[in-house]
Amino acid sequence: MASSSAKILSLSLLALLICSSHAQFSPTFYSTSCPKLLSIVRSTMAQAINKERRMGASILRLFFHDCFVNGCDASILLDDTSSFTGEKNAGPNKMSVRGFEVIDTIKANVEAACNGTVSCADILALAARDGVVLLGGPTWTVQLGRKDSRTASQSAANSQIPAPSLNLPQLISSFSNKGLNARDLTALSGAHTIGQAQCKNFRPHIYNDMNINAAFAASLKANCPATIRSGDSNLAPLDVQTPGRFENNYYKNLVRQRGLLHSDQELFNGGSQDSLVRTYSQNGAAFSRDFTAAMIKLGALQPSSSTVGEIRRNCRKAN
């Protein structure tokens, strides 16, 4: 196993590579133009989480769904109009992705301090990090300097965001298409140590799969009937022990066959990720280290170079 100094060096080299490949990125990008940015985002996220702890998970998921579709460009924040179809009503997002009002509030507070300066994409990246930290999770350095897209792609959201029905090879392929490896997949899936999922997304797992603890499945069925469209939006915690605290119980649950989603349990089902899941279940520090490294890689996903970005005044619409 690598020494702690070697691990720190690896993370430093990762950040250096990201900065060199995207020269405009820097953690101090707004230090002069908007010096209060970090404190504004953190305090507004703290208020949101104090009101509803689940919001930390919702903002983290919002960031993931944004970055997985043509890079981290805040395209998911754009509202549909009579002449524009965005990503909010794509299958993985409709009546599911949430937290838009929190981003609106952060954006309004940032605009009051330094108008027309900070992108919605950077605000979302910072809010996702702060949500994890405020729920007891690790921190990482967020590279800043993103631009907001002027467009979005519902078709890309439908085809590129990983579905809860995917098996392990499909999950690995989905992440590989974004430049993320199997270790990144398993570490980022640990985000499911916080938050909740809808019945429609875990119904097939609790009724049809065999790789699930019988008592756990039975405990979920009362609130998630077998009949399709009956209770589809009913919620269950992704981590039944501590859904409002970021730690490694998610992996402990997988080892006990208590993963809520089919895609969750696929990470510990006799496949290539079993050993890593067991490591994370026993070593929270190892999970935190790999999760933060994977979040840095996720946050570096950029739109096509042909896409012309902007700093939106309103995160819900292009200027």
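Residues numbered from 1 in each chain as written. Predicted model: local features only at pLDDT ≥ 70, side-chain atom pairs only at ≥ 80, totals over all residues. Heavy atoms only, no water.

Peer 1: Mind showing me how you'd approach the UniProt feature "binding site: Ca(2+) 1" (unreviewed entry) in the protein chain here?
Peer 2: In the numbering adopted here, UniProt assigns the feature "binding site: Ca(2+) 1" (unreviewed entry) to D66, V69, G71, D73, S75 and E87. Spatially, the listed residues are clustered: although they cover 22 residues, their C-alpha atoms lie within 13.2 Å of one another. Inspection of the secondary structure assignment puts G71 in the loop between α3 (54–67) and α4 (100–113). By relative accessible area, G71 is classed as buried at 5%. With sequence-adjacent residues up to four places away left out, G71 is seen in contact with D66, L301, Q302 and P303. Take S75: it is sitting in the loop between α3 and α4. (UniProt positions renumbered as here; feature names shortened; annotations may be inferred. Helix = DSSP H or I, 4+ residues; strand = E, 2+ residues; numbered from the N terminus. Buried < 20%, exposed > 50% of the residue type's maximum accessible area, 1.4 Å probe, protein only. Contact = heavy atoms within 4.5 Å.)

Peer 1: For this particular structure, what's the right way to read the packing of aromatic side chains?
Peer 2: The relation between two aromatic rings is expressed through the spacing of the ring centres and the mutual angle of the planes. Tallied over the entire structure, the rule returns 12 aromatic pairs. On the numbers, 5.0 Å between centres and 55° between planes, the contact of F246 with F291 is tilted. Taken together, the positions of F246 in the loop between β2 (235–237) and α11 (249–255) and F291 in helix α14 (residues 284–299) put the pair 45 residues apart, joining distant regions of the chain. Centre to centre, the rings of F287 and F291 are 5.7 Å apart; their planes meet at 55°, and the pair counts as tilted. (Phe/Tyr/Trp six-rings, centres within 6.5 Å; stacked < 30°, edge-to-face > 60°.)

Peer 1: Help me out: how do you make sense of the environment of K297 in this one?
Peer 2: Note that K297 resides in helix α14. Between the C-alpha atom of K297 and that of G179, which follows or precedes it by 118 residues, the distance is 8.4 Å.

Peer 1: What am I meant to see in the nonpolar core here?
Peer 2: Generally speaking, nonpolar side chains in soluble globular proteins are found buried as a group. The biggest cluster of nonpolar side chains holds 75 residues, and the ones touching the most others in it are I59, I103 and F291. With nine residues, the top contributor of residues to this core is helix α5 (residues 120–134). If near-sequence neighbours (up to four positions away) are discounted, I59 is found in contact with M45, G99, V102, I103, L124, A127 and A128. Counting 13 residues, the second largest nonpolar core, distinct from the first, contains C199, F202, L260 and L261. (Core = buried A, V, L, I, M, F, W, Y, C linked by side-chain atoms within 4.5 Å.)

Peer 1: Please explain the pattern of salt bridges as it appears in this structure.
Peer 2: When the charged atoms of two side chains lie near each other, side chains of opposite charge can form a pair. Scanning the entire structure with this criterion turns up 13 salt bridges. With its nearest N and O atoms 2.7 Å apart, the salt bridge here joins R316 to D104. With R316 in the segment after α14 and D104 in helix α4, this pair connects stretches of sequence that are 212 residues apart. Of the residues examined, D104 reaches a relative accessible area of 25% and is grouped as partly exposed. One salt bridge in this structure joins E310 and R150, with 2.8 Å as the shortest N-O distance. Of this pair, E310 sits in the segment after α14 while R150 sits in the loop between α5 and α6 (154–160), placing them 160 residues apart in sequence. On the accessibility criterion, R150 (42% relative accessible area) is partly exposed. (Salt bridge = Lys/Arg side-chain N within 4 Å of Asp/Glu carboxyl O.)

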